[in-house]
Amino acid sequence: MPLLELKDLTVAYGRIEAVRGISLTVEEGELVTLIGANGAGKTTTMRAVSGIRPLSTGSIWFDGQDITKMKAHMRVLAGIVQAPEGRGVFPGMTVMENLEMGAYARTFDTKAEHDSTLARVFELFPRLEERRTQVGGTLSGGEQQMLAIGRALMARPRLLLLDEPSMGLAPLVIQQIFRIITEINATGTTILLVEQNAQQALSRSDRAYILESGEVITSGGGKELLADPAVKQAYLGVA
Amino acid sequence: MSSDVSTSTTAADSLHLGLGDRLRMWWDALPRHTQWLVGSPIIIFIALLPVLRLPVITTVGTDFGSVLAQFGMYALLAIGLNVVVGQTGLLDLGYVGFYAIGAYTVGLLTSPDSPWNLTDDWLSTDWAWMAVVPIAIAVTALSGLLLGSPTLRLRGDYLAIVTLGFGEIVRLLADNLTELTGGGRGLSQIAYPVAGVSEERPNGVFSAGNTTPPLNSGAFWFWLSMVLIIIVLVIVGNLERSRVGRSWVAIREDEDAAEIMGVPTFKFKLWAFVIGASIGGLSGALYAGQVQFVVPSTFNVINSMLFLCAVVLGGQGNKLGVIAGAFIIVYLPNFFLGRTQLFGIPINGDEIASYKYLFFGIALMVLMIFRPQGLFPARQKLLTYGRQVYVASRRAYLAAAALAAKTPVPATATPSGDDTKGGTR
């Protein structure tokens, strides 16, 4: 049984269908990537999974349960946590307060649990510890991205949704973020990743789906897709 | 431990903070009972203002007690509006509507002019006001729920426009439904709490007929509102420090991100709206009791702006700041009213007071340019283990101050005695 399953998902903004009948699965422990150009429907799919965008048709299944009608905040409780596109950190809260908001829905039973989760986040992102009293809005782009991921981790997600974590970041920072994503996945967190940076994303994913105009056109193992000539031409800029 | 390193670096930064921040740091690190101990004399001093009649600050054109009573009501309004605007970030331009509903509920149920009057029937006028205040709060809370349920799905400007409409609708209904509300003539002889009846005060101390200062009705209404303000502050303060408060701030900061973090945003926006509304209704009930007369024109839309001005001026999100804002809004025009000279300089106080909207407008513009967070900006306390953090940072701050003691910093040594108490908690 897959951890997440989308069945024939359609999402529309008014009359325009941004996502047209997408079906995909994410198995427990996997790192799965959605790749596509601007407007392919990647972010819309993410928003549908986290529950802030209603579906027109289709269903979403999480851990064997139909969660299509479940409200966004209840999905967080179930373990689906998103680090949103454009980072979405709380600009007026400090780094610490942002991180604590991450644990809002899934509270800690003991202070020890709180401390150990926090320690793990700081281990992954030492920069956040240095900046713990700094206000979120004054962080650099890369730091904000780290904070968004760190905040999501504070909820101890079963499924982590990452929406374009490399957006607008310097190549070196992108490298660093992707290394950390791989590390998070390696310690047992299932990840659904949306990316435009196909090279980085594919080389690190177990599997990937390629989206075009709201439909899945190809899917397969990350490394296989990376070697596919058609994919190379369309997404890696290699003739 | 690594956390010590980071707190000491921030404490070193905070050495350069202003007086306000240092004061706040000291205050935050005090144990709660010490805070009450320090706060009580200040509260008592404020309560004695109408009796002390201090020179210069006592108003000359209007009775000082009545001015302070009005301040008390505006302070309640500011605290209520601050929950909606300052804490949750929902721009409400029709807050006067809730004030009106509170006042009119009391008026309709206790005025002989009203078709719903209960006092000629089974409710004695002695107790009528007291009995009706909870009803007024409940009715305003319900109206907040009714207004909020459909409109809180809107965001930003759209919500502001809808609430603006609501404020006007309430006033227009009161004005035009003559058979139900008394219409433009208003409702008179509204009930008030009858207490402290004596030979010279046959109607009790709260009666509008009790006009001999200093212990006139204004002073008593001021004291009553002070008690209510403290109760409301304790309730609102506890809410702010709880999960509810954290949800409000998260919604204010970024509603989508809040939803993604698992905050049921609609529910908490509605909560803020209902709580804000009921505090507004309480203030309206006080107003109706003090003036014993309500008329639709009192609840003009300009009042909504004035309430908002108090919140923005005082500092959105800071419940003590907005009380100061309310004081400025109520007191300053009354300070000038009837004054012909100030410190020997001849002035035309009435003229100055009549331009109050102009001055508040200019003040708001200047404030938005130089200090957009308000005169007393808010500092949130959102951490679960926040108190420990504040005490730790205060300790680190004192240590850093001691290190820097070669260059004398005299003021920092004094509060350290209290701090050791705070630290051991």
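It should be emphasised that the depicted structure is a prediction, and the values quoted were computed from it without experimental measurement.

Each value, and the rule that gives it
- Residues numbered from 1 in each chain as written.
- Chains lettered and ligands numbered in written order.
- Predicted model: local features only at pLDDT ≥ 70, side-chain atom pairs only at ≥ 80, totals over all residues.
- Helix = DSSP H or I, 4+ residues; strand = E, 2+ residues; numbered from the N terminus.
- Buried ≥ 20, exposed ≤ 12 C-beta atoms within 10 Å, placed from the backbone.
- Contact = placed C-beta atoms within 7 Å.
- Nonpolar A, V, L, I, M, F, W, Y, C, P; charged D, E, K, R; others polar.
- Pairing = 2+ DSSP bridges.
- Axes fitted to C-alpha atoms, helices over the stretch in contact; angles between N-to-C directions.
- Core = buried A, V, L, I, M, F, W, Y, C linked by C-beta atoms within 7 Å.
- Right-handed = clockwise from strand over helix to strand, strands pointing away.
- Expected span 1.5 Å × (residues − 1).

Asker: Just checking my understanding: could you explain the overall build of chain B for this structure?
Answerer: A count of helical and extended segments in chain B gives 18 helices and 4 strands. Every one of the 425 residues in chain B was classed for burial, and the buried ones make up 45%. For chain B, long-range pairs separated by at least 24 residues make up 76% of all intrachain contacts whose partners lie at least 6 apart in sequence.

Asker: Sorry, what's going on with the interface of chain A and chain B here?
Answerer: Size of an interface, as often reported, equals the accessible area lost when the parts are brought together. Taken together, the contacts link 25 residues of chain A with 19 residues of chain B. For the side of chain A that touches chain B, the secondary structure elements donating two or more residues are α2 (72–78), α3 (95–102) and α5 (126–130) of chain A. Here the side of chain A that touches chain B takes 5 residues from α3(A), the largest share from any one element. For the side of chain A that touches chain B, the residue count by class is 12 nonpolar, 7 polar and 6 charged.

Asker: Is there a simple way to explain the sheet that holds strand β4 (residues 57–62) of chain A in this structure?
Answerer: Hydrogen bonding along the main chain pairs the strands of a sheet, whether they run parallel or antiparallel. All names here are of chain A. One open sheet holds the 4 strands; their spatial order is β2-β1-β4-β5, and the pairing between them is antiparallel. Two strands close off the open sheet at either side, each with one partner strand: β2 (16–26) and β5 (65–66). Sheet contacts for helix α1 (residues 42–50): β1 (4–13), β2 and β4; angle to β2, the most-contacted strand, approximately 65 degrees.

Asker: Is there a simple way to explain α1(A) in this structure?
Answerer: Every α-helix carries 3.6 residues per turn, so stepping three or four residues along brings you back to the same face. Residues and elements named next belong to chain A. Along α1, 9 of the 9 residues are buried, which leaves the element largely enclosed by surrounding structure. Those residues of α1 that fall on the buried side of the exposure criterion are K42, T43, T44, T45, M46, R47, A48, V49 and S50. Looking one or two residues past α1, G51 carries a phi angle of roughly 95 degrees, positive in sign.

Asker: Even after reading the chapter, I still don't get the pairing of strand β3 (residues 31–36) of chain A, so can you show me in this structure?
Answerer: A regular strand carries its side chains on alternate faces of the sheet. Residues and elements named next belong to chain A. Most of β3 is tucked away, with 6 of its 6 residues classed as buried. In this structure, β3 lies alongside strand β8 (residues 190–195), joined through 5 bridges in parallel fashion. Residue pairing for β8: T33 is matched across the bridge by L193.

Asker: Would you explain the nonpolar core in this entry?
Answerer: Residues and elements named next belong to chain B. By size, the foremost hydrophobic cluster in this structure holds 167 residues, and its most contacted members are Y74, L76, A78, M261, F307, A310 and A326. Per element, the largest residue contribution to this core is 16 residues, and it comes from helix α4 (residues 64–87). Among residues more than four places away in sequence, those in contact with A310 are Y74, A78, V322, G325, A326 and I329.

Asker: Please explain the pairing of β8(A) as it appears in this structure.
Answerer: All names here are of chain A. Burial analysis of β8 places 6 of its 6 residues in the buried class, the great majority of the element. Side chains of β8 alternate between two faces, with T190, L192 and V194 and I191, L193 and E195 buried alike. With respect to chirality, the unit in which strand β7 (residues 159–163) leads through helix α7 (residues 171–186) into the neighbouring parallel β8 is right-handed.

Asker: Honestly, the sheet that holds β3(A) in this entry has me stumped. Any pointers?
Answerer: Residues and elements named next belong to chain A. With respect to topology, 6 strands assemble into an open sheet ordered β6-β7-β8-β3-β9-β10, the strand pairing being mixed. Of all strands in the sheet, those with a lone pairing partner are β6 (80–83) and β10 (215–221), marking the two edges. For this sheet, the mean angle separating the axes of adjacent strands, direction not counted, is 20 degrees. Here 6 bridges tie strand β9 (residues 207–212) to β10, and the two strands are oriented antiparallel to one another. For E212, the partnering residue across the bridge sits in β10 and is E215. Along the sheet, α1 makes contact with β3, β6, β7, β8 and β9, crossing β7 at roughly 150 degrees. Where α7 meets the sheet, its contacts fall on β3, β7 and β8, and the angle it forms with β8 comes to roughly 155 degrees.

Asker: What should I look at first to understand the environment of A:L24 in this one?
Answerer: All names here are of chain A. Mapped onto the secondary structure, L24 falls in strand β2. Spatially, the C-alpha atom of L24 lies 9.8 Å from that of L34, the residues being 10 residues apart in sequence. Leave out the neighbours within four places in its chain, and L24 touches L6, Y209 and V216.

Asker: Would you take a moment to explain helix α13 (residues 301–314) of chain B for this structure?
Answerer: All names here are of chain B. The terminal C-alpha atoms of α13 lie 20 Å apart, and with 14 residues this matches the ideal 20 Å at 1.5 Å per residue to within 8%. For α13, a buried count of 10 out of 14 residues is recorded, marking the element as mostly surrounded by other parts of the structure. Among the residues making up α13, those that are buried are S304, L306, F307, L308, C309, A310, V311, V312, L313 and G314. Contacts from the buried residues of α13 go to α4, α5 (96–110), α7 (156–176), α14 (319–336) and α16 (356–370). Two residues or fewer past α13, G315 is found with a positive phi of approximately 125 degrees.

Asker: Help me out: how do you make sense of unusual backbone geometry in this one?
Answerer: What you tend to see is this: most non-glycine residues have negative phi, and most peptide bonds are trans. Residues and elements named next belong to chain B. Here the phi dihedral of Q189 falls at roughly 55 degrees; this positive angle occurs in a residue that is not glycine. With respect to the element layout, Q189 can be found in the loop between β1 (187–188) and α9 (217–241). Phi is positive for F343, close to 50 degrees, though the residue is something other than glycine. By secondary structure assignment, the location of F343 is in the loop between β3 (341–342) and β4 (345–346).

That's the geometry; what it means functionally is another story.
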